[in-house]
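What the coordinates show
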Amino acid sequence: MKTDNIRTRFAPSPTGFMHIGNLRTALYTFIIAKKYGGKFILRIEDTDQERFVEGAAGAVYKTLKDCGLYWDEGPDVGGPYAPYIQSERTGVYREYALKLIESGNAYFCFCTKERMEKVHEQQKADGITPAYDRHCRDLNPEEVKKLLDNNTPYVIRQKVPLEGETIFRDELFGEITVPNKDLDDQILLKQDGMPTYNFANVIDDHLMDITHIVRGREYLSSTPKYNLLYEAFGWESPCYIHVEQIMRDASHKLSKRDGDAYFGDFVEAGYHIPAILNYIALLGWSPKGENEIYSLDELINEFSIDGLSKSPSIFDPVKMKAINAEWLRRMPHDEFKSLVLPYIKKNCKRDDIDFDVLVRTLQPRTELFTDIPEKVDFIDTLPGYNNDLYFNKKMKTSPETAAEALKAVLPVLEGISEEGWNEENIHAALFAEIERLGVKNGWLLWPVRVALSGKALTPGGGVELAAVIGREESLNRIRKGIEKLV
RNA sequence: GGCCCGUUGGUCAAGCGGUUAAGACGCCGCCCUUUCACGGCGGAAUCAUGGGUUCGAUUCCCGUACGGGUCACCA
């Protein structure tokens with residue numbers, strides 16, 4: 001594969017939010033360009049006026065930017081091949097379609113949609129693959145001129161050779177050969193003057209000097225027709241890389257209708273953006289080594305086309321969550337803290353607590369950012385709890401032993417001053433008491449946890465909890481615990 | 001249905017003629033531990049199928065089954 005002066009493009013049609021499968025294609029496209037020091041171009045394919053969705057292009061820009069997939073050329077940033085929005089390039093397509101007619105590789109077709117519907121119906125009834133019946137393919141020039149002069153509506157169709165075969169090469173799938181007789185005389189220019197995707201994309205890719213076409217696998221079977229177009233123009237065809245789809249299960253692709261398949265949904269669900277990219281990169285591509293955690297830069301480094309899979313992969317939310325959790329655990333404390341603080345604040349209005357201890361205990365226990373609010377809901381106010389929480393088989397504790405333990409703990413904690421109230425001192429004091437009493441750690445600490453949080457599952461144990469919520473609140477809660485127990 | 005493509009544990013997957021068929025997630029067990037989690041150790045679990053080719057096939061070829069894609073004036 002040639003890797004000099006690579007230019008790749010991501011060419012979405014703006015019909016809504018960015019689907020995760022689309023994003024993955026964009027990611028691979030970006031990576032391939034960057035890996036070889038090439039350019040990544042964004043082009044908006046909005047030739048279907050009926051499907052136009054207001055603001056959808058903006059959503060594409062935002063998602064790409066949020067992910068760090070910055071484009072070198074595109075609608076908003078411009079570039080030497082502007083414009084990058086197809087609806088602003090319509091003149092170009094018409095010009096090239098006409099050239100094709102001149103060279104005998106395309107023709108005017110005056111068939112109406114109604115006629116085509118009938119033809120297709122009949123073909124289906126006859127058990128034939130529906131295709132254009134080439135009714136207008138060999139109209140004589142005078143006839144064509146007459147119809148044109150009368151302003152008869154028309155489309156322009158590709159004149160596919162009746163015989164022979166078309167061979168093209170895909171970097172992943174290898175050489176693919178298709179008999180020309182199986183190829184339809186597809187429409188290049190629609191009646192409204194707009195090009196079809198099939199045409200516009202070939203013209204633009206060539207005009208914009210795109211060298212590597214990375215796109216979904218669904219385009220694999222139309223590629224021979226594109227290649228025929230390149231040949232008709234005498235253009236060199238690009239390097240094709242068709243990437244397989246992401247599935248919901250073995251037989252359904254992950255569709256937008258499944259919900260939660262949009263990039264934004266994952267962000268909202270508490271995923272860290274680099275982890276999302278990391279996971280989807282791994283869905284359908286496998287690195288050489290055994291590491292699975294990659295930043296975007298590392299992906300660019302590690303990426304190799306031969307690691308791409310030729311079969312569809314099933315999206316696994318469990319694995320995705322695990323990748324996210326791993327990202328969170330590996331994150332430097334301060335970064336984690338700044339990302340997580342807004343989630344803490346949702347359920348915790350106090351600002352006099354020890355955030356460092358809290359965040360540190362939270363970090364290994366968090367899979368998604370959205371796990372956080374529920375984990376810190378005991379800080380502002382002690383939730384009501386049942387004394388049965390003091391039962392812990394492994395710690396050999398019960399409400400009775402807890403009363404004893406808390407009574408022993410109270411004076412010890414009272415002995416720590418406001419200034420000296422920190423994790424280290426609390427730990428030292430409590431463990432000294434444990435030693436003095438000759439009890440197991442848990443015998444003393446489990447009741448502290450319960451009394452301080454009212455929960456069995458908390459970020460950190462008794463020592464950390466005390467450090468987090470502070471001296472006054474800790475002592476209050478211990479006293480309250482004792483009261484509740486006697 | 002025609003054409004094109006694919007098929008390794010539950011999932012993601014490595015493998016590219018000879019391997020005890022990696023690794024990860026998940027699952028199970030054990031250890032560590034102030035619970036949970038983290039961490040550590042171990043375990044169960046895979047080459048769709050039938051023929052070839054070959055001294056030898058997960059790997060190469062053909063068929064079958066299954067799955068996907070495509071067959072629009074959508075992209």
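Structure: see above.
The rules behind each value
- Residues numbered from 1 in each chain as written.
- Chains lettered and ligands numbered in written order.
- Predicted model: local features only at pLDDT ≥ 70, side-chain atom pairs only at ≥ 80, totals over all residues.
- Heavy atoms only, no water.
- Helix = DSSP H or I, 4+ residues; strand = E, 2+ residues; numbered from the N terminus.
- Rg over C-alpha atoms; globule rule 2.2 N^0.38 Å.
- Buried < 20%, exposed > 50% of the residue type's maximum accessible area, 1.4 Å probe, protein only.
- Contact = heavy atoms within 4.5 Å.
- Lys, Arg positive; Asp, Glu negative; His and termini not counted.
- Charge placed at Lys NZ, Arg CZ, Asp CG, Glu CD.
- Pairing = 2+ DSSP bridges.
- Expected span 1.5 Å × (residues − 1).
- Arc of directions from axis to C-beta.
- Near = heavy atom within 4 Å.
- Polar contact = N/O pair within 3.5 Å; in protein donor to acceptor, adjacent residues only side chain to side chain.
- Nonpolar A, V, L, I, M, F, W, Y, C, P; charged D, E, K, R; others polar.
- Salt bridge = Lys/Arg side-chain N within 4 Å of Asp/Glu carboxyl O.
- Axes fitted to C-alpha atoms, helices over the stretch in contact; angles between N-to-C directions.

To continue, consider the overall build of chain A. When helices and strands are tallied, chain A shows 19 helices and twelve strands. Compactness check: chain A gives a C-alpha radius of gyration of 32 Å against a globular reference of 23 Å for 486 residues, more than 25% above the reference. Going through the 486 residues of chain A one by one, you find that 50% of them count as buried. Partitioning the contacts of chain A with sequence separation of at least 6, the portion at a separation of at least 24 is 74%. Distance between charge centres in chain A, computed from 61 positive and 76 negative side chains, equals 2 Å.

Before going further, it helps to examine the sheet that holds strand β10 (residues 246-249). Across the sheet, which stays open at both edges, the three strands sit in the order β11-β10-β12 with mixed pairing between neighbours. Of all the strands in the sheet, the pair left with one neighbour each is β11 (252-253) and β12 (313-314). Alignment of β10 against β11, held across two bridges, turns out to be antiparallel. Residue M247 lies in a different strand from β11, and its bridge partner there is K253.

Compared with the 21 Å implied by 1.5 Å per residue over 15 residues, the 21 Å span of helix α16 (residues 423-437) between its first and last C-alpha is a close match. Within α16, the full set of buried residues consists of E423, I426, A429, L430, E433 and I434. The buried residues of α16 occupy one face: seen down the axis, they fall within an arc of 140 degrees. Turned more than 90 degrees away from the buried face of α16 sit E424, E435 and R436, all of them exposed. Looking at the buried side of α16, the elements it contacts are α13 (355-362), α15 (399-414), α17 (441-453) and α18 (462-469). Just beyond α16, the residue with positive phi is G438, at close to 65 degrees.

Our focus in this paragraph is the protein's contact with RNA strand B. Inspection of the region around RNA strand B gives 63 residues, with E292, K319, R365, K394 and R449 positioned closest. K319 places a side-chain nitrogen or oxygen 2.4 Å from a sugar or linking oxygen of RNA strand B. For the surface near RNA strand B, the secondary structure elements donating two or more residues are β6 (174-179), α6 (197-207), β12, α11 (317-330), α17 and α18. The dominant element in the surface near RNA strand B, judged by the number of residues it contributes, is α17, at five residues. Residue composition of the surface near RNA strand B, by class: 23 nonpolar, 22 polar and 18 charged.

In this section: the pattern of salt bridges. Summed over all chains, the structure comprises 31 salt bridges. Between E171 and R169 there is a salt bridge, with its nearest N and O atoms 3.8 Å apart. Of the residues examined, R169 reaches a relative accessible area of 47% and is grouped as partly exposed. E244 is paired through a salt bridge with R217; the nearest N and O atoms lie 2.2 Å apart. Taken together, the positions of E244 in the loop between β9 (239-243) and β10 and R217 in the loop between β8 (212-216) and α7 (223-233) put the pair 27 residues apart, joining distant regions of the chain. Overall, R217 belongs to the partly exposed group, its relative accessible area being 29%. Connected through shared salt-bridge partners, R9, R43, E45, R89, D204 and D205 make up one network.

So, on to the sheet that holds strand β4 (residues 155-158). Pairing is antiparallel across the open sheet formed by three strands, whose spatial order is β3-β4-β7. Each of the sheet's edge strands pairs with one partner strand only, and the pair in question is β3 (106-109) and β7 (187-189). Across the sheet, the mean angle separating the axes of adjacent strands is 40 degrees when strand polarity is ignored. Here four bridges tie β3 to β4, and the two strands are oriented antiparallel to one another. In the strand pairing of β4, F108 is matched with I156.

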